[in-house]
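Analysis of the macromolecular model
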Amino acid sequence: MTQRDKTWLFITLAIMAALMTYPAFGSFSGVSGLRDILLFALFAVSLDLFWGRTGVLSFGHATFFGAGAYGMAIMTIHVAPGAAWGSVAGLAFGVGLAGVVALAVGYFVIFGGVRGAYFTIVTLALTLIAQQIAIGWSSITGGDAGLIGVPPLTIGIPITGKVLYYVVVAVLFGIVLTLWAGLRGQRGLVLKAIEDDERKAQTLGYNTSLHLLAVFVLSGLIAGLAGALYVTGTGFVAPDMIALLLSTEVIMWVAVGGRGSLIGAVAGTMIVWRLQQEVSTLSASAWPLFIGVFFLAMVFFFPDGLPAAAQKLWARWKRMNEGRAA
Amino acid sequence: MPDIVSLSLNALTLMSILMLVALGLAIIYGLMGIINLSHGEFVTIGAYTLFTVQAAGGSFWLALIVAPAVGYLLGTVLEVTVIRRLYDRPISTILATWGLSLILQQAIILTYGAAPRPVTAPFEASVHLLGTTYPAYRLFLIVFAFAVMAGCVLAFRKTPFGLDVRAVIQNASMARVLGVNAERVYRRAFASGAALAALAGVLIAPLVAVTALMGVNYLARSFFVVLVGGAGSIPGVVAGSAFVGGLESLLSTTVPITVAQASVLILAVVIVRFRPQGLVPA
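Quick summary incoming for the structure in this document. None of the values given here were measured: they were computed from a predicted structure.

About the thresholds
Residues numbered from 1 in each chain as written. Chains lettered and ligands numbered in written order. Predicted model: local features only at pLDDT ≥ 70, side-chain atom pairs only at ≥ 80, totals over all residues. Heavy atoms only, no water. Contact = heavy atoms within 4.5 Å. Buried area = accessible area lost by both parts, 1.4 Å probe. Salt bridge = Lys/Arg side-chain N within 4 Å of Asp/Glu carboxyl O. Polar contact = N/O pair within 3.5 Å; in protein donor to acceptor, adjacent residues only side chain to side chain. Helix = DSSP H or I, 4+ residues; strand = E, 2+ residues; numbered from the N terminus. Nonpolar A, V, L, I, M, F, W, Y, C, P; charged D, E, K, R; others polar. Phe/Tyr/Trp six-rings, centres within 6.5 Å; stacked < 30°, edge-to-face > 60°. Lys NZ or Arg CZ within 6 Å of the ring centre and 35° of its normal. Axes fitted to C-alpha atoms, helices over the stretch in contact; angles between N-to-C directions. Parallel < 35°, antiparallel > 145°, perpendicular 65-115°, else oblique. Left-handed = near helix turned anticlockwise from the far one by under 90°.

**Quick notes on the interface of chain A and chain B**
- Listed by partner, the interface residues are 37 residues for chain A and 41 residues for chain B.
- Of the roughly 3,400 Å² buried at the junction of chain A and chain B (both faces included), carbon and sulfur atoms supply 82%.
- At the boundary of chain A and chain B, one finds zero salt bridges.
- Between the two partners, chain A and chain B, sit three residue pairs in polar contact (both at pLDDT 80 or more).
- When residues of the side of chain A that touches chain B are traced back to their parent elements, those giving at least two are helix 4 (86–111), helix 5 (116–136), helix 11 (244–257) and helix 13 (286–301) of chain A.
- The greatest single-element share of the side of chain A that touches chain B, amounting to 13 residues, is contributed by helix 5 of chain A.
- Residues belonging to the side of chain A that touches chain B are distributed by class as follows: 29 nonpolar, eight polar and no charged.

Shown next as structure tokens:
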């Protein structure tokens, strides 16, 4: 284990420990608010898995979060209302729906050779399609109003309140640690090679499209899981959970935390949500304006994310000080 | 028979608008390899120019001249301040222009409010055509849009600027060696694309609700026009617009409009799998 790995593990476990102790002194609304944020963090982790590790940017990841959310809501409200196994079926249906969409779209687009900016655009359109279906197919999805009355997660017994919070923390960190461990070896290196130069990786005998598709589908499944769990907590689903704005917000969360580290996505999501609470109180336009300015600033001032920019500044500051001392 | 006539005319209306919006996108993508997510906002800006001109007592025809000028000017500013610095970073361009799009939308909301703004068509009459009655304005829109497209084709083929654009699309470094000022070509092409989108905004405004978020609708469909038709080619834009506009109009007679749009976009993704270079590549 390298020094880098040790630092990563230390930070991850420290954040997890802090989150585990929070319910001991946090209020009820604080706990459920944080639970929702952690599910968005899981969503951010799913994007970071794909964008951070393969370098291909998906502009439509809310499609998978929304598929999970709508899948859970439709199953528990329309198909099996009141059934004890409703939540489990909803979980399976929501996550499955996200996976199937990721597989179908990923197959057509990734094996069609669509990469780079074009891939970003096609995934952007994917969100618009999903959003239109969510709004237009109102007999199933509830249209603009969405669906209200998703029952709490029930696996044998209902899981709510602090128990649900602990379940969410466990799922989030279980996935982060598993992904991290799974990508430390050769699999991670192949993805890195694809990010650096896909054609070279192909020449070395790797089926790069298959690798990309596998990661894309896994990423979609995780996003779907986040969405499905999210609606069991809030009890409703609405079209903004599958919208373009959410797809771009998640990019911001990952960029703030620094892409590729997985735990950075978790930290980034928490920081941005705190910020959003402050900014949104100003006016309805303030938050979209903030996002817009953030994207412009990111492109020009910190293209590799905030942590990388901070590291660079820190290194320069140290060099300056050393120069002065000498 | 009358149904088929009005259906084809509806399809032609949508196709005309998509052609004008997508032409800018297609040329910019073919030229510089960048994707401008704030392109839809130029449609919005065109529509709001019409509102502003009419609110100040001006006519529709004045707006039809003012809007492209506004679009050209704003496009130039955008190209010089943002796009130019990102030529070699396509993904960054997407993020930056997305940011710009959000800022422009909110700026419009803060200036004009979130409610739809009223605009009026220059004439209200209907005409009898092949056994059906059809709004004269829509017919004007179709004829005007095709005339503008024809003008663009002529400019592309016959003017020195068009020659430069085609040269840079084919091989940018070779064009530079031969003395073409590629940066100036980029700037002018980008601004012209913005002007065309603003023009399309004026034309479509009397037919739809003019809101700050209206551009997004045309942005997505235009990207599929470019995707299906092929980047950097005018025939590709026409073919792509006919595909997207025709299919959407046809489907929306039997299913809700949102479902029709979704089906068209899904079909377009399938086409990309089998013809990644588009129907009529440059």
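**What about the packing of aromatic side chains?**
- Taken as a whole and judged by the stated rule, the model has 33 aromatic pairs over all chains.
- Ring centres of W8 of chain A and W180 of chain A lie 4.4 Å apart, and the angle between their planes is 5°; on these two criteria the pair is classed as stacked. With W8 of chain A in helix 1 (residues 3–25) and W180 of chain A in helix 7 (residues 161–182), this residue pair connects regions lying 172 residues apart in the sequence.
- Here the aromatic rings of Y87 of chain B and Y186 of chain B are separated by 4.9 Å at their centres, their planes lie at 65°, and the arrangement is edge-to-face. Placement of the pair is Y87 of chain B in the loop between helix 3 (60–81) and helix 4 (90–112) and Y186 of chain B in helix 8 (residues 182–204), with a sequence separation of 99 residues.
- Three or more aromatic residues joined by ring pairs form one cluster here, namely F40, F43, F65, Y230, W253 and W273 of chain A.
- The ring of W180 of chain A has R184 of chain A sitting right over it, with the charged end atom 5.1 Å from the ring centre.

**Comments concerning the packing of helix 9 (residues 215–229) of chain B against helix 11 (residues 257–274) of chain B**
All names here are of chain B.
- One can describe the packing of helix 9 onto helix 11 by two numbers: an axis separation of 9 Å at closest approach and a directional angle of 30°. Taken as axis vectors, helix 9 and helix 11 run roughly parallel relative to one another. Here helix 9 and helix 11 pass one another in a crossing that is left-handed. From helix 9, N217, R221, F224, L227 and V228 reach across to helix 11, where they touch Q261, L265, A268, V269, I271 and V272.
- Across the contact of helix 9 with helix 11, the residue classes break down as eight nonpolar, two polar and one charged.

**Considering the packing of helix 2 (residues 39–55) of chain B against helix 3 of chain B**
Residue and element names in this part refer to chain B.
- Running from amino to carboxyl end, helix 2 crosses helix 3 at an angle of 135°, the nearest separation of the two axes being 9 Å. On the basis of their axis angle, the class for helix 2 and helix 3 is oblique. For the pair helix 2 and helix 3, the crossing hand works out as right-handed. Of helix 3, the residues touching helix 2 (which contributes F42, I45, G46, T49, L50, V53 and Q54) are F60, L62, A63, V66, A67, V70, G71, L74, G75 and L78.
- Of the residues that constitute the contact of helix 2 with helix 3, the class distribution is twelve nonpolar, five polar and no charged.

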